[in-house]
Amino acid sequence: MKQYLKAAAVALGAVTVCASLAGCGKTEKKTVYEIPYYDGTTYEEGAEKPVYSSELWRRNDVNNGAGDPFILDNTAIDGFYYRYGTGGAHQFSAYRSSDLDFWIPCGIILENIGWTAAWAPEVVYDDPTDDGVNNGTYYFFFSMCFPGYATSDGYNKEKDENGNTDNVHSLFVATSSSPAGPFKMVDFTDAKSCGEENVRTIDAGDYGYTCDYLKYMLFEPIETNRAWHEIMPERIPENSDKLCNNIDASPFVDPVTKKKYLIFNHERQPSPILIMEMENWLKPLPETTKVIARCGYYTVEDYEKAQRGEAVETSDFEMRTNKVNEGPCMYYNAENKKYYLTYSVNGFMDPTYAVAQAVSDSPTEGFRKLTQAENGLILSADDGGNKLASGTGHHCFFHIGEKLYIYYHKHTVPYADEGRYTAVDEVKFVTIKDQNGEDLDVMYVNGPTVTPQPAIVKGMEYADISDKLQSVSVISGTLAEGSDTKWLNDGLLSYNMKLNQEFLNTYVRETEITSDTTFELSFADHETIRGLMIYNSKNLEKVFYKIKNVEFESEGKTYFIKELNIDEQSNFKFNEFELMYGNKVVEAVAYGGGVYAEFAATKVKKIRFTVEVPEGQTEVGISEVAVMGKVL
């Protein structure tokens, strides 16, 4: 990074300056030092993005990974995280990483056994001794479409009124003694493959099908359909021999009861989400299956009322394009003892593909989808309002220490069906008043981000320590009426201009100013820091373009950066037509963007900076401040 440092480490000497470089008032002589820094606005020749230090920052517009990503935290056993995803029709691959930054290929872990498509893998480890020793089995669940499933009446290619066909997608499982594979498909007719207790006899003729893949199917069709007819009679006719149209399996072990569950969705639109108890990871218990979410309805009970002709409120956003609730994931919050069902809506090719949340006191019933006033959609392209990201969905969660992160995919090129790649952002819980006036903790995602953000590398030396700030105050300038400096370090990035507005206007605010304003951030004691990030407004009419006179008080000395400019290419979307004529006309601002600086490790107790209100604007909003301080 040295070649990009923008100042020399030269003492300016005793000069007459304001009492604070960042604020005006009386003057006094003060020795200040210009600190060498890098602000991410320097591009290497031919590069589309600036370089940055991965020791401090990360960014989600690096095209890597695959669709439908899943992270397995195997660090307690071998020190590695494993990443899986949909990598094409021919095989599955895996990667591993000790720090979630540098990923090492594990190679092909499961090869095509004749499927025409396979996707959405998730892996769970089962240790029968429950002692953390790697003597158990890894179970690799995935969805598959296979040939040779013609019925005696021929293959029905006609679509029904919801766009469904008789195309059969089903769930399968493979096993391995290692998360890096190779995995072997489980054959449920072979005791050596599935275990004596899980063997079943399969006669393809019983189903009217001629198919070599029935022995690999996780769910036995006739028995399963008999159980599911009771809970979904509108989908599963009595005595049906149809193969099970299910995708997106997500294994879940209830931390409270230790029971094993498989969560998945029935693919026929409008697709519901189901949960089934598993006697073991190879033995489903179809009679335990329950529907826990219905596409377009806030509760399963609302759906049932609607079927009886009663009027109920519906979730219109879920019915925009593909009528799906898919890619389910279950998260248990031990603090409030709530279960969070998160799922994707609208179809992975659509820009409005998004992740929503529902909450319950039980993993098997009682889920209520949250409204937009309760932050019902936790990850989205803001219904087209976010011009730099789209198709954000199919996700999983993982922890680093006490922090929770969401791992998901989004479109390689926003608003264009040109592939998917992985991204990661932090998840916070915000306490709100729900629709009944009761306290409720809801998920909030600081994303989807596309600009540099504080890194999340496990074991990193530096991390955002803004939560350690003792005070955030105004030295000079004017806050907008009703604004407050507390929103500068509440940990919540300001997002979305269309969706969830009632929630955002109440719980996720920007600190707004009406004139050039100088802020001071104070720690209780000196902290060793290497970076500073100041987040911009999500509103194009309230953005800043530079930060001036950044000061660092350090053990009797004052270091400063005269000016931090914004990286326009990363932070703004310009009108492409005007660009053809050499005109830079900004169409939209990057949510979660801003300015940053990195510099040599410096002990700092106070930080001051000035935000200017650009000419022609009446206000500026500052979403958040991140300070990259030493934690190890």
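These numbers come from a predicted model, not from an experiment.

## Here we look at the overall build of the protein chain
Stage number 1. If you tally the helices and strands in the protein chain, you get 7 helices and 37 strands.
Stage number 2. Expressed as a percentage of the 632 residues in the protein chain, the buried residues total 55%.
Stage number 3. Long-range contacts, defined as pairs at least 24 residues apart, comprise 63% of the intrachain contacts of the protein chain with a sequence gap of at least 6.

## Observations concerning the side chain of S466
Stage number 1. Tracing the backbone shows S466 in the loop between β27 (462-464) and β28 (469-476).
Stage number 2. Not counting the four nearest positions on each side in its chain, S466 is found in contact with N489, V625, A626 and V627.

## Some words on the sheet that holds strand β5 (residues 80-86)
Stage number 1. Read across the open sheet, the 4 strands follow the order β4-β5-β6-β7; overall the sheet is antiparallel. Either end of the sheet is taken by a strand with one partner, and the two such strands are β4 (67-74) and β7 (104-111). With direction set aside, neighbouring strand axes in the sheet form an average angle of 25 degrees.
Stage number 2. Pairing geometry for β5 and strand β6 (residues 91-97), over 4 bridges, is antiparallel. Along β6, the bridge assignment pairs R83 with Y95.

## What about the nonpolar core?
Stage number 1. If you look at the biggest cluster of nonpolar residues, it comprises 41 residues, and the most contacted ones within it are F397, I406, Y444 and F503.
Stage number 2. In terms of residues, this core owes the most to one element, strand β25 (residues 439-445), which gives 5 residues.
Stage number 3. Excluding its chain neighbours within four sequence positions, the residues that come into contact with I406 are I378, L379, H395, C396, F397, A423, V424, D425, V427 and V445.
Stage number 4. With 37 residues, the next largest nonpolar core counts F70, A94, F398 and I456 among its residues.

## Regarding the pattern of salt bridges
Stage number 1. Per the counting criterion, the structure on display carries 26 salt bridges.
Stage number 2. Between K542 and E512 there is a salt bridge whose closest N-O contact spans 2.9 Å. One end of the pair, K542, is in the loop between β30 (517-535) and β31 (546-554); the other, E512, is in strand β29 (residues 511-513), and 30 residues separate them in sequence.
Stage number 3. Overlapping salt bridges, with partners in common, bring together E520, E551, E553 and R608 in one network.

## Regarding the confidence of the model for the protein chain
Stage number 1. Per-residue pLDDT for the protein chain averages 89, and the proportion of residues at 70 or more is 89%.
Stage number 2. Overall, residues 8-16 carries pLDDT values under 50, and its contacts beyond four positions in sequence, including any with other chains, amount to 22 contacts.
Stage number 3. A low-confidence stretch, residues 148-160 stays under pLDDT 50, and its non-local contacts, those more than four residues away or across chains, total 24 contacts.

Cut-offs applied
- Residues numbered from 1 in each chain as written.
- Predicted model: local features only at pLDDT ≥ 70, side-chain atom pairs only at ≥ 80, totals over all residues.
- Heavy atoms only, no water.
- Helix = DSSP H or I, 4+ residues; strand = E, 2+ residues; numbered from the N terminus.
- Buried < 20%, exposed > 50% of the residue type's maximum accessible area, 1.4 Å probe, protein only.
- Contact = heavy atoms within 4.5 Å.
- Pairing = 2+ DSSP bridges.
- Axes fitted to C-alpha atoms, helices over the stretch in contact; angles between N-to-C directions.
- Core = buried A, V, L, I, M, F, W, Y, C linked by side-chain atoms within 4.5 Å.
- Salt bridge = Lys/Arg side-chain N within 4 Å of Asp/Glu carboxyl O.
- pLDDT = per-residue confidence, 0-100.

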